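Spelled out from the first residue to the last, the chains are:
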Amino acid sequence: MNIPLFDPELESAVAATLVRVEEGLHAAVFSGDPLIAEAARHLVDAGGKRFRPLLVAISAQFGEYHRPEVVSAAEVVELTHLATLYHDDVMDEALLRRGAPSANARWSNSVAILVGDFLFARAADVAAQLGPEAVRIQASTFSRLVHGQIAETVGPRDAPPVEHYLYVLAEKTGSLMATSARFGAMFSGAPTDQVEALARYGEAMGIAFQLSDDLIDIASESPQSGKTPGTDLREGVPTLPVLYALASDETDAASVRLRDLLADGPVTDDDRHAEALGLLRESAALKRARETVRGYAEQAREHLAPLPDTAARRALEHLCEFIADRTS
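Bear in mind that the values here come from a model prediction, so they are computed numbers and not experimental data.

*Asks:* Honestly, the overall build of the protein chain in this entry has me stumped. Any pointers?
*Replies:* When its secondary structure is counted, the protein chain shows 15 helices and two strands. For 328 residues, the compact-globule estimate of 2.2 N^0.38 gives 20 Å, and the protein chain sits close to it at 20 Å. With the C-alpha coordinates aligned to their principal axes, the bounding extent of the protein chain is approximately 60 × 50 × 35 Å. Expressed as a percentage of its 328 residues, the buried residues of the protein chain come to 50%. Taking the intrachain contacts of the protein chain between residues at least 6 apart in sequence as the baseline, contacts between residues at least 24 apart amount to 73%.

Right, dumping it as structure tokens:
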């Protein structure tokens with residue numbers, strides 16, 4: 001993920017760690033079976049933001065960042081993340097991932113599911129090399145990921161829709177971001193209070209990060225998020241601006257019309273889609289959602305208070321600003 005860190009020494013150290021992580025990922029997904037090897041490499045080769053390894057690498061700066069365990073920890077979180085993408089694409093019936101055909105589209109749903117399982121197994125294997133505490137944390141994180149996916153699949157049930165949505169983001173995205181920051185600090189030997197502060201930072205930052213992606217899908221005029229703008233709207237994905245719009249009791253003509261367009265779920269008609277997207281971009285709901293992103297980014301910044309004033313802390317603070325500003 002191309003985020004300036006504003007310190008040449010820090011940038012060099014983080015870049016060196018990420019190069020080693022990339023090499024480790026390719027080694028970790030190797031299989032003697034050519035089909036499994038090709039399918040498991042599919043998303044690794046496609047690249048991606050590598051935001052989770054980046055968090056590991058920056059958080060490791062609060063200890064001995066050059067330790068080999070830091071690289072292994074980054075591999076664990078990225079392998080876990082990649083595994084969830086294989087499963088998500090099957091559930092979403094996605095045809096593309098990172099600009100390339102998804103694994104389920106290229107091979108089959110069964111192959112994609114099983115390759116996702118393979119990557120979870122590889123993540124567990126690398127975690128086992130880091131010790132029982134790493135295994136426990138990775139398993140707990142995996143449990144949260146599953147809880148989040150199930151909650152998203154079955155819907156709010158009796159919970160308020162916005163509360164349910166934020167819970168899903170905390171479980172599906174915040175949990176692994178928290179573990180990324182925790183692992184970086186933990187395996188670099190950082191003090192315990194700093195490890196806990198960074199884990200709290202990662203959780204809040206993860207929620208802000210996912211929310212910002214959802215807002216970009218609406219607000220951007222170009223496929224900045226990796227999707228065609230308005231994709232979530234067309235597919236009926238109830239992101240935070242949509243939930244705020246539906247919950248609005250404003251009586252002006254634009255708000256009433258927007259609620260009418262959104263009420264039936266997916267907005268597939270091109271004219272209605274263009275109208276709904278335009279109304280959302282000018283709505284109070286989008287403004288409120290931006291404020292929610294900034295709120296989580298500010299929470300993340302506040303969690304950095306126990307950390308020393310170093311280039312790494314300033315980089316994490318800048319990341320808060322970057323996430324909040326990218327939705328403007």
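*Asks:* Is there a simple way to explain a nonpolar patch on the surface in this structure?
*Replies:* Nonpolar side chains collect at one region of the surface, where V146, I150 and V154 lie side by side and expose about 240 Å² of accessible area between them. By secondary structure assignment, the location of V154 is in helix α7 (residues 132–154).

*Asks:* How should I be thinking about the environment of A254 in this particular structure?
*Replies:* Mapped onto the elements, A254 comes out in helix α12 (residues 253–262). Counting along the chain gives 169 residues from A254 to L85, while the straight-line C-alpha distance between them is 37 Å.

*Asks:* Please clarify how the nonpolar core should be interpreted in this entry.
*Replies:* Generally speaking, nonpolar side chains in soluble globular proteins are found buried as a group. Judged by nonpolar contacts, the single largest core of 59 residues is most densely connected at F51, L198, Y201, L211, L233 and L316. Beyond its immediate stretch of four places on either side in the chain, L198 contacts S59, F62, A181, A185, L304, L307 and L316. With 36 residues, the next largest nonpolar core counts V56, V71, V77 and F183 among its residues.

*Asks:* Would you take a moment to explain unusual backbone geometry for this structure?
*Replies:* Where the residue is not glycine, phi is negative for most of them; where a peptide bond is considered, it is trans in most cases. With phi around 65°, F6 is a residue other than glycine that occupies positive phi space. Relative to the helices and strands, F6 is located in the segment before α1 (8–28). According to the relative accessible area criterion, F6 is exposed, its value standing at 59%. Positive phi, close to 55°, is recorded for R50, a residue that is not glycine. Within the secondary structure, R50 is located in the loop between α2 (34–46) and α3 (51–59). Since its relative accessible area comes to 9%, R50 is described here as buried.

*Asks:* Looking at this structure, how should I read the pattern of salt bridges?
*Replies:* Opposite charge on two side chains makes pairing possible when the charged atoms of those side chains draw close. What the rule picks out here adds up to 20 salt bridges. R136 is the partner of E133 in a salt bridge, and the nearest nitrogen-oxygen pair spans 2.8 Å. Taken together, the residues span about one helical turn, with E133 and R136 both in helix α7 at a distance of three residues. Taking relative accessible area as the criterion, E133 reaches 37% and is therefore assigned partly exposed. As a salt-bridge pair, R144 and E203 come within 2.8 Å of each other at their nearest N and O atoms. Residue R144 is located in helix α7, and its partner E203 is located in helix α9 (residues 192–219); the two are separated by 59 residues in the primary sequence. Looking at R144, the relative accessible area reads 24%, which means it is partly exposed. Salt bridges here are not isolated pairs; linked through shared partners, they connect E22, R50 and E78.

*Asks:* Any chance you could explain the packing of α1 against α3 here in plain terms?
*Replies:* Think of two packed helices as two axes; the pair is described by the angle between the axes and how far apart they sit. Where α1 contacts α3, the two axes come as close as 9 Å, and the packing angle between them is 135°. Between α1 and α3, the angle is such that the two are oblique. Seen along the crossing, α1 lies across α3 with a hand that is right-handed. Contacts between α1 and α3 pair V14, T17, L18 and V21 from the former with P53, L54, A57 and I58 from the latter. A class-by-class count of the residues in the contact of α1 with α3 yields seven nonpolar, one polar and no charged.

*Asks:* Looking at this model, I keep getting lost on the packing of aromatic side chains. Mind explaining?
*Replies:* The geometry of an aromatic ring pair comes down to the distance between the two centres and the angle between the two planes. Scanning the model with the defined rule gives three aromatic pairs in all. Summarising the aromatic geometry, the rings of F120 and F142 are spaced 4.2 Å apart at their centres and angled 25° between planes, so their arrangement reads as stacked. Placement of F120 in helix α6 (residues 109–130) and of F142 in helix α7 is noted, with a sequence separation of 22 residues between them. Ring centres of F183 and F187 lie 5.4 Å apart, and the angle between their planes is 75°; this geometry places the pair in the edge-to-face category. Here the two residues F183 and F187 agree in accessibility, since each one is buried.

*Asks:* Honestly, the environment of A312 in this entry has me stumped. Any pointers?
*Replies:* Relative to the helices and strands, A312 resides in helix α15 (residues 311–325). Relative accessible area serves as the criterion here: at 5%, A312 is assigned to the buried category. C-alpha separation for the pair A312 and A28, spaced 284 residues apart in sequence, amounts to 28 Å. Beyond its immediate chain neighbours, meaning those up to four positions away, A312 contacts L10, I58, Q61 and F62.

About the thresholds
Along each chain, numbering runs from 1 in the same order as the chain's sequence is written. In keeping with the predicted nature of the model, local features appear solely for residues at pLDDT of at least 70, side-chain atom pairs appear and are counted solely at 80 or more, and the whole-chain, interface and lining totals rest on all residues. Each side-chain value is worked out from all heavy atoms of the structure, with water and hydrogens disregarded. Segments assigned H or I by DSSP are reported as helices when at least four residues long, segments assigned E as strands when at least two residues long, and all are numbered from the N terminus. Taken over C-alpha atoms, the radius of gyration is set against a globule rule of 2.2 Å times the number of residues to the power 0.38. Burial classes follow relative accessibility: with a 1.4 Å probe on protein chains only, a residue under 20% of its type's maximum area counts as buried, one over 50% as exposed, and anything between as partly exposed. Note on contacts: a residue pair qualifies if any of its non-hydrogen atoms lie within 4.5 Å across the two residues. Here, patches come from residues exposed beyond 30% relative accessible area and free of salt bridges, joined within 9 Å for like charges and within 5 Å for nonpolar side chains (Val, Leu, Ile, Met, Phe, Trp, Tyr). Each accessible area is a Shrake-Rupley result for a 1.4 Å probe, and residues are judged covered by the shown protein chains and nothing else. By convention in these notes, a salt bridge is any Lys or Arg side-chain nitrogen within 4 Å of a carboxyl oxygen on Asp or Glu. Within this scheme, the nonpolar core is defined by two criteria: the residues are buried Ala, Val, Leu, Ile, Met, Phe, Trp, Tyr or Cys, and they are joined through side-chain atoms within 4.5 Å. Where helices are involved, their axes are fitted lines through C-alpha atoms of the stretch in contact, as for all axes, and angles between N-to-C directions lie from 0 to 180°. In these notes the angle categories are as follows: under 35 degrees is roughly parallel, over 145 is roughly antiparallel, 65 to 115 is roughly perpendicular, and the rest is oblique. In a left-handed crossing the near helix is turned counterclockwise from the far helix by less than a right angle, and in a right-handed crossing that turn is clockwise. Lys, Arg, Asp and Glu make up the charged group, whereas Ala, Val, Leu, Ile, Met, Phe, Trp, Tyr, Cys and Pro make up the nonpolar group; the residues left over, Gly among them, are polar. For Phe, Tyr and Trp, where Trp contributes only its six-membered ring, two rings pair if their centres lie within 6.5 Å, and the inter-plane angle classes them as stacked under 30 degrees, edge-to-face over 60, or tilted in between.

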